[in-house]
Amino acid sequence: MKKWFAVIGDPIAHSKSPFMHNTWFQELGIDATYIPIHVKSEDLQKAVSSLKLLGASGWNVTVPHKEGIIPFLDELDPLAEKMGAVNTVVRQHDGTLKGYNTDGAGFVNALEETVGKDNRTKKVLLVGAGGASRGIAFAMQQYGYEDISIANRTVSKAEAIIDELGEGTALSLEEAEKQLDKYGIIIQATSLGLSTGENKLPLSLNGIQEGTIVADIVYNPLMTPFLTEAEKRGATIVTGLGMFVHQGAIAFNHWLGEYPNAEKMMDKLMKQLK
Ligand code: ATR
């Protein structure tokens, strides 16, 4: 029987996930379809029951439901539990629902696809301390990145994540700015840089060394102000598109047991975004 999958969120119309997953189904000859569903927060519980009743094999969860969906699931993957957020739901063979979070691991897979795995001993600076940053911090720790610092406008939020990690350093944006040359990997994980957001940087990149790896979680626009500035200073750039594609690829793998072609998908989406 044809399988079906979905992404639920509010708003949802702009999502590239349906294009991505439907393309992968086609490429791999899988008889399945993937649809976007607009779900408001007050309807979340009803939406989950409906997805279950109507036999969805799994779905993605996006803003603003990543935390709110947790009470409606039967089981959580340990990383999702630690992060307190779910972006992927799998309907298991016995009909129960298990939640995963593939955002952080998606980021690390994308980073390592671009710059390799030999950077795990480099000092990492995560800029921002919201949900996205938390996910990346936990995933990087799990992958063996040894030295993680988090800088945030509100330092107490960075401190809270560092406490949970059990290692690392929390600092202000100003403190980070003064010692940018210490970091081998700098990740922009604030909500600045979105096409609809303000067009400014969370911190000045004056102090970075040439060859520093600089990544952004935002993929629309592909070249954020942060990446444009970093590139001018000779940094190696990692756009947010890879994180998006790999979070989807890991979800796909949870559902169907195979890892789809992420590189080819990057090319297709890059053409759409340019
Ligand atoms: P997400 O879940 O996408 O990470 P979030 O939880 O709202 O979103 O977090 C947004 C992040 O962007 C936070 O780190 C926020 O800093 P604060 O914790 O101090 O609010 C950061 N951010 C948003 N606007 C910012 C700005 N104008 N300057 C610096 N940081 C900003």
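Preceding this section is the structure that the text describes.
Conventions used here
- Here the residue index of a chain counts from 1 through its sequence in written order.
- pLDDT decides what is reported in this predicted model: residues at 70 or higher carry local features, side-chain atom pairs at 80 or more are listed and counted, and totals for whole chains, interfaces and linings draw on all residues regardless.
- Each side-chain value is worked out from all heavy atoms of the structure, with water and hydrogens disregarded.
- The cutoff for a nearby residue is simple: one of its non-hydrogen atoms must lie within 4 Å of the molecule or strand.
- Per-residue and other accessible areas follow the Shrake-Rupley method at a 1.4 Å probe size, with only the shown protein chains counted as cover for residues.
- Any residue outside Ala, Val, Leu, Ile, Met, Phe, Trp, Tyr, Cys, Pro, Asp, Glu, Lys and Arg is labelled polar, Gly included; the first ten of those are nonpolar and the last four are charged.
- Here, strands pair whenever DSSP counts at least two bridges between them.
- The helix and strand labels rest on DSSP assignments: H or I over at least four residues marks a helix, E over at least two residues marks a strand, and numbering proceeds from the N terminus.
- Axis definition: a line fitted to C-alpha atoms, limited for helices to the stretch in contact. Angles are taken between N-to-C directions and run from 0 to 180 degrees.
- When checking whether two residues touch, look at their non-hydrogen atoms; a contact exists if any pair is within 4.5 Å.
- Each angle is binned into one of four classes, with values under 35 degrees roughly parallel, values over 145 roughly antiparallel, values of 65 to 115 roughly perpendicular, and all other values oblique.
- The crossing is said to be left-handed when, going from far helix to near helix, the turn is anticlockwise and less than a right angle, and right-handed when the turn is clockwise.

Undergrad: How should I be thinking about the site of the ligand in this particular structure?
TA: The ligand sits among 13 residues. The nearest are A129, N152, R153, T154 and K157. The protein chains hide 71% of the 650 Å² of surface that the ligand would expose on its own. Looking at the shell around the ligand residue by residue, the class counts come to 3 nonpolar, 7 polar and 3 charged.

Undergrad: Just to check I follow, could you spell out the sheet that holds strand β7 (residues 123–127) for this structure?
TA: Through backbone hydrogen bonds, the strands of a sheet pair up, either in parallel or in antiparallel fashion. Here we have 6 strands laid out as an open sheet, ordered β9-β8-β7-β10-β11-β12, and parallel in their pairing. Across the chains shown, the open sheet's two edge strands, defined by having one partner strand only, are β9 (169–171) and β12 (236–238). Going from strand to strand, the sheet's axes swing by 20° on average, the running direction of each strand aside. Two elements, strand β11 (residues 213–216) and β12, share 3 bridges in a ladder whose sense is parallel. Of the residues in β12, the one forming a bridge with I213 is T236. Contacting β10 (185–188), β11 and β12, helix α4 (residues 103–115) crosses the sheet at an angle of about 145° to β12. Here helix α5 (residues 131–143) sits on the sheet in contact with β7, β8 (147–151) and β10, set at roughly 170° to β8.

Undergrad: Where do I start with unusual backbone geometry in this structure?
TA: Excluding glycine, residues mostly carry a negative phi; peptide bonds, for their part, are mostly trans. D10 connects to P11 through a cis peptide bond whose omega is 5°. In this fold, P11 is placed in the loop between β1 (3–9) and α1 (17–28). In this structure, P221 follows N220 across a cis peptide bond, with omega equal to 10°. Along the chain, the position of P221 falls in the loop between β11 and α8 (225–232).

Undergrad: It is not clear to me how the packing of α4 against helix α9 (residues 241–256) should be interpreted in this structure. Could you clarify?
TA: A packed helix pair is summarised by two numbers, namely the angle formed by the two axes and the spacing between the axes. Where α4 meets α9, the closest approach of the two axes is 7 Å, and the angle between their N-to-C directions is 120°. Between α4 and α9, the interaxial angle falls into the category oblique. Where α4 crosses over α9, the two elements pack in a sense that is right-handed. Facing α4, whose interface residues are D103, A105, G106, F107, N109, A110 and E113, α9 presents G242, M243, H246, Q247 and I250. Broken down by class, the residue content of the contact of α4 with α9 amounts to 5 nonpolar, 5 polar and 2 charged.

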